[in-house]
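In case you want the letters, here they are:
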Amino acid sequence: MEGNWITEAANGYGQTIEVTRTLCSRQSRYQKIEVYETRKLGRLLLLDGIIQLTSADEFAYQEMMAHLPYYVHGAPENVLVIGGGDGGVLRELGRHPGIRQLDLCEIDFEVIRAAQEFLPELACGFNDPRVRVNIADGSEYVKSHPEEYDLIIVDSTDPGGPGAPLFTADFYADLKRALRPGGVAATQAESPWLLPDVVGRLLTAAGRNFLHADYAAISVPTYPTGMIGCCVASDDRNPAEPAREPEAELARTLRYYNAEVHRAAFAKPQFVKRILSGESRFQG
């Protein structure tokens, strides 16, 4: 931290957020975990200096990562979240009473502990009695749970450090084996503005293992370039078309996700189509 500003600088790009107080700065076995109070955006979580969320806009990412693949499937009962130690995706999935089993596999318990101490509005997801927490490497965990889950959501960090194994073709093959027939997988898929090659490789890996794999854009102002993506993959379902829509009571509580946004998220500008087809890579 320089003065009262935090700067994320990575991949040739940076952005700066004004902070007012340091709440947490600790080194776990895997990464540096920091939580700050900001002047404009509520609380800010960083892992190894990379912005994971702010209180101001976390709902956009959490809702899309949870509800978008949930409604692609339509009625998943057994659900696994890999990563997601802040609890936000769990919080959103917990809104669905039809889920019977809600497992979380997080490699770093210190992320969970920091969220429970400093981000209670997200960590409330751990209070759901259906949640079972597994402290383990997600890339290894899926190998030992064949055909167990209807829905797997990978809420990973960027493709470096502990998140690196979650961006490989082998991992997508393991995801497919861990799904029941008709299952859906969804993974954090980066920004085509910032990491076009990663986006292209990720969708290629998903497409080699699933009949349907597509990229949905999510607007999150405090992520670099203001957007991030979700790759949704399935053998049986078109990711761009929800199997059903949120019930009226749930819809009234959501702040980002709805069926129109679901469909629109899969619309792509031409340069993204070319990245996903392998025709070109973005040249910045």
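Position labels on residues start from 1 in each chain and follow its written sequence. Thresholds applied to this predicted model are a pLDDT of at least 70 for local features of residues and 80 or more for the giving and counting of side-chain atom pairs; totals over whole chains, interfaces and linings are not thresholded and use all residues. The basis for every side-chain value is the complete set of non-hydrogen atoms in the structure, without hydrogens or water.

## Quick word on helix α7 (residues 196–209)
Helical geometry note: an α-helix holds 3.6 residues per turn, so side chains three or four residues apart project in the same direction. Its 14 residues give α7 an end-to-end C-alpha distance of 20 Å, which sits within 8% of 20 Å, the value for a rise of 1.5 Å per residue. For each residue, the accessible area found with a 1.4 Å probe, counting protein chains only, is set against the maximum for its type, and the residue is called buried under 20%, exposed over 50%, and partly exposed in between. Helix and strand assignments follow DSSP, with helices taken as H or I runs no shorter than four residues and strands as E runs no shorter than two, numbered in order from the N terminus. Of the residues making up α7, those classed as buried are Pro-196, Val-198, Val-199, Gly-200, Leu-202, Leu-203, Ala-205, Ala-206 and Asn-209. Throughout, a contact is declared for two residues whenever any of their heavy atoms are within 4.5 Å. Structurally, α7 contributes buried residues whose contacts are with α6 (169–178), β10 (179–188), β11 (212–219), β12 (227–234) and α10 (270–277). Each residue after the first adds 1.5 Å to the expected span of a helix.

## What about the pattern of salt bridges?
Close approach of charged atoms allows side chains with opposite charge to pair. Definition used for salt bridges: Asp or Glu carboxyl oxygen within 4 Å of a side-chain nitrogen of Lys or Arg. On inspection of all chains with the given rule, the structure shows 21 salt bridges. A salt bridge links Asp-150 to Arg-180, with the shortest nitrogen-to-oxygen separation between them at 3.5 Å. Within this pair, whereas Asp-150 is found in strand β9 (residues 149–155), its partner Arg-180 is found in strand β10, the two being separated by 30 residues in sequence. Notably, a salt bridge pairs Arg-244 with Glu-247, separated by 2.6 Å at the nearest N-O pair. Residue Arg-244 is classed as partly exposed on the basis of its relative accessible area of 29%.

## With respect to the side chain of Gln-188
Within the element layout of this structure, Gln-188 appears in strand β10. Of the polar contacts made by the side chain of Gln-188, one reaches the backbone nitrogen of Glu-190; its length is 2.6 Å. Pairs of N or O atoms are called polar contacts if they sit within 3.5 Å, as long as, within protein, a hydrogen donor faces a hydrogen acceptor (for residues adjacent in sequence, only side-chain-to-side-chain pairs).

## Some words on the environment of Tyr-61
Along the chain, Tyr-61 falls in helix α1 (residues 58–73). Spatially, the C-alpha atom of Tyr-61 lies 9.3 Å from that of Cys-230, the residues being 169 residues apart in sequence. Those residues in contact with Tyr-61, other than ones at most four positions away along the chain, are Asp-155, Gln-188, Ile-218, Val-220, Tyr-223 and Ile-228.

## A short note on the nonpolar core
Leu-44, Leu-68, Leu-93 and Val-232 are the most contacted members of the largest nonpolar core, which has 59 residues in total. Counting residues per element, this core draws most heavily on α1, at 10 residues. Dropping the residues within four chain positions of it, Leu-93 is found in contact with Ala-66, Val-79, Val-81, Ile-99, Leu-102, Arg-130, Leu-151 and Ile-153. Residues belong to one nonpolar core when they are buried, are Ala, Val, Leu, Ile, Met, Phe, Trp, Tyr or Cys, and are joined through side-chain atoms within 4.5 Å. Among the nonpolar cores identified, the runner-up in size contains 25 residues, and Tyr-149, Val-154, Val-199 and Leu-203 belong to it.

## Things to note about the environment of Val-154
Relative to the helices and strands, Val-154 is located in strand β9. Between the C-alpha atom of Val-154 and that of Leu-104, which follows or precedes it by 50 residues, the distance is 9.9 Å.

## Some details on unusual backbone geometry
The backbone of Asn-11 sits at a positive phi, close to 55°, despite the residue not being glycine. Within the secondary structure, Asn-11 is located in the loop between β1 (5–10) and β2 (13–27). What makes Asn-11 partly exposed here is its relative accessible area of 48%.

## Thoughts on the packing of aromatic side chains
Each Phe, Tyr or Trp ring, with Trp reduced to its six-membered ring, pairs with another whose centre is within 6.5 Å; inter-plane angles below 30 degrees give stacked pairs, above 60 give edge-to-face pairs, and intermediate values give tilted ones. Tallying each qualifying case throughout the model produces 5 aromatic pairs. When the ring of Phe-171 is compared with that of Tyr-172, the centres are 6.3 Å apart and the planes differ by 75°; the resulting orientation is edge-to-face. The structure contains a cluster of three or more aromatic residues connected by ring pairs, namely Tyr-70, Tyr-71 and Tyr-257. For a lysine, the NZ atom is tested; for an arginine, the CZ atom; a charge sits over a ring if that atom is within 6 Å of the ring centre and within 35 degrees of the ring normal. Of note, Lys-176 hangs over the ring of Phe-210, and the distance from its end group to the ring centre comes to 5.8 Å.

## Some words on the sheet that holds β11
Two strands are said to pair when DSSP picks up at least two bridges between them. Overall, mixed pairing links the 7 strands, which are arranged β8-β7-β6-β9-β10-β12-β11 in an open sheet. Unpaired on one side and paired on the other, β8 (131–135) and β11 mark the two borders of the sheet. Looking at each pair of strands side by side, their axes are set apart by 15° on average, direction ignored. Relative to β12, β10 runs antiparallel, the two being bridged by 5 bridges. Along β12, the bridge assignment pairs Val-184 with Ser-234. Angles run from 0 to 180 degrees between N-to-C directions of axes, and those axes are lines fitted to C-alpha atoms, restricted for helices to the stretch in contact.

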